[in-house]
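# Architecture and fold: a report
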Amino acid sequence: MEMGFGKTISLGEPTRADRGEVRHHPAEPTLLNLQVQAMCFLHIGNANAAGKQVTQEEIKKEPEKPIDREKTCPLLLRVFTTNNGRHHRMDEFSRGNVPSSELQIYTWMDATLKELTSLVKEVYPEARKKGTHFNFAIVFTDVKRPGYRVKEIGSTMSGRKGTDDSMTLQSQKFQIGDYLDIAITPPNRAPPPSGRMRPY
């Protein structure tokens, strides 16, 4: 499976609620990206309203709130893909560097793994083959020591329904600033064994 870089893919207007926008992106952020992220931060609510302190246990029990995509600005999701079935090494994200296989997706926190899979397949036609496996992981800053850590969250497969299809970024406690790493395995090749790391 060959993954070409350097082209821009648009899946509709960025402001439309029913589509996302995917494009290849250099490492340096643009003014538009910064504006989008700044707008998203304006939607952060006050968790301590009426003097009540919200605990982690209460957050876990609280059901996902529906997101009105017409009124909520999309977040900028930085996605990195591989075509060998393995996730990127964490040292590839060190010292301000990121892997070259970057995609930008403007989406919302209620985006499902199946929805994200469809957007990635728009960029990589080879990944549309039935049986192609997509393994998703969140890459996040390690608060205890310099560097990044990875947490595998779920997987999907082209042409087949799966239990993780409806899993959302929000349900996995994805935070703005985290990366999404997708290990793509071609059909007829078993994905490498993996384990989930760092439960939230």
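All values reported here derive from a predicted model rather than from experimental measurement. (Residues numbered from 1 in each chain as written. Predicted model: local features only at pLDDT ≥ 70, side-chain atom pairs only at ≥ 80, totals over all residues. Heavy atoms only, no water.)

A few words now on the overall build of the protein chain. Scanning the protein chain from terminus to terminus reveals three helices and six strands. The burial tally for the protein chain puts 42% of its 200 residues in the buried class. Pairs at least 24 apart in sequence give 70% of the contacts found in the protein chain among residues at least 6 apart. Split by element, the accessible area of the protein chain, about 11800 Å² in all, is 51% carbon and sulfur. (Helix = DSSP H or I, 4+ residues; strand = E, 2+ residues; numbered from the N terminus. Buried < 20%, exposed > 50% of the residue type's maximum accessible area, 1.4 Å probe, protein only. Contact = heavy atoms within 4.5 Å. Areas by Shrake-Rupley, 256 points an atom, 1.4 Å probe, with all protein chains shown as cover.)

All right, on to the environment of Pro-146 then. Note that Pro-146 resides in the loop between strand S4 (133-141) and strand S5 (148-157). Overall, Pro-146 belongs to the exposed group, its relative accessible area being 84%. Taking the C-alpha atoms as reference points, Pro-146 and Arg-95, 51 residues apart in sequence, are found 9.5 Å from one another.

Glancing now at the nonpolar core. Leu-77, Leu-116, Phe-136, Leu-180 and Ile-182 are the most contacted members of the largest nonpolar core, which totals 25 residues. Elements with a minimum of two residues in this core: strand S2 (75-82), strand S3 (102-107), helix H3 (113-123), S4 and strand S6 (179-185). By size, the runner-up hydrophobic cluster in this structure holds six residues, among which are Phe-80, Phe-93, Val-139 and Val-150. (Core = buried A, V, L, I, M, F, W, Y, C linked by side-chain atoms within 4.5 Å.)

The next point concerns the confidence of the model for the protein chain. Per-residue pLDDT for the protein chain averages 74, and the proportion of residues at 70 or more is 63%. Counting interchain partners and residues more than four positions distant, the pLDDT-below-50 stretch residues 1-19 has 41 contacts. Throughout residues 195-200 the model reports pLDDT below 50, and contacts reaching past four residues in sequence, or to other chains, amount to 20 contacts. (pLDDT = per-residue confidence, 0-100.)

This part is about the pairing of S4. Counting buried residues along S4, eight of its nine residues qualify, which places the element largely inside the surrounding structure. In this structure, S4 lies alongside S5, joined through nine bridges in antiparallel fashion. Counterpart to Phe-140 in the pairing with S5 is Arg-149. Turn length for the S4-S5 hairpin, with the two strands adjacent in sequence and antiparallel, is six residues, and the turn residue Gly-147 shows positive phi of about 115°. Across seven bridges, S4 lies against S6 in antiparallel orientation. Within S6, the residue paired with Asn-135 across the bridge is Ala-183. (Pairing = 2+ DSSP bridges.)

So, on to the side chain of Thr-107. You can see Thr-107 is positioned in strand S3. Owing to a relative accessible area of 1%, Thr-107 belongs among the buried residues under this scheme. Excluding residues that lie within four positions of it along the chain, Thr-107 makes contacts with Pro-74, Leu-75, Leu-77, Glu-115 and Leu-116.

This brings us to the packing of aromatic side chains. Across all of its chains, the model carries five aromatic pairs by this definition. Judged by centre distance (5.5 Å) and plane angle (25°), the ring pair of Phe-93 and Tyr-179 falls under stacked. On the criterion of sequence distance, the pair formed by Phe-93 in the loop between S2 and S3 and Tyr-179 in strand S6 is long-range, its members being 86 residues apart. Ring geometry for Tyr-148 against Tyr-179: centres 5.8 Å apart, planes inclined by 25°, an arrangement best described as stacked. On the criterion of sequence distance, the pair formed by Tyr-148 in strand S5 and Tyr-179 in strand S6 is long-range, its members being 31 residues apart. With relative accessibility at 25%, the residue Tyr-148 sits in the partly exposed group. Linked through ring pairs, Phe-80, Phe-93, Tyr-148 and Tyr-179 together constitute an aromatic cluster. (Phe/Tyr/Trp six-rings, centres within 6.5 Å; stacked < 30°, edge-to-face > 60°.)

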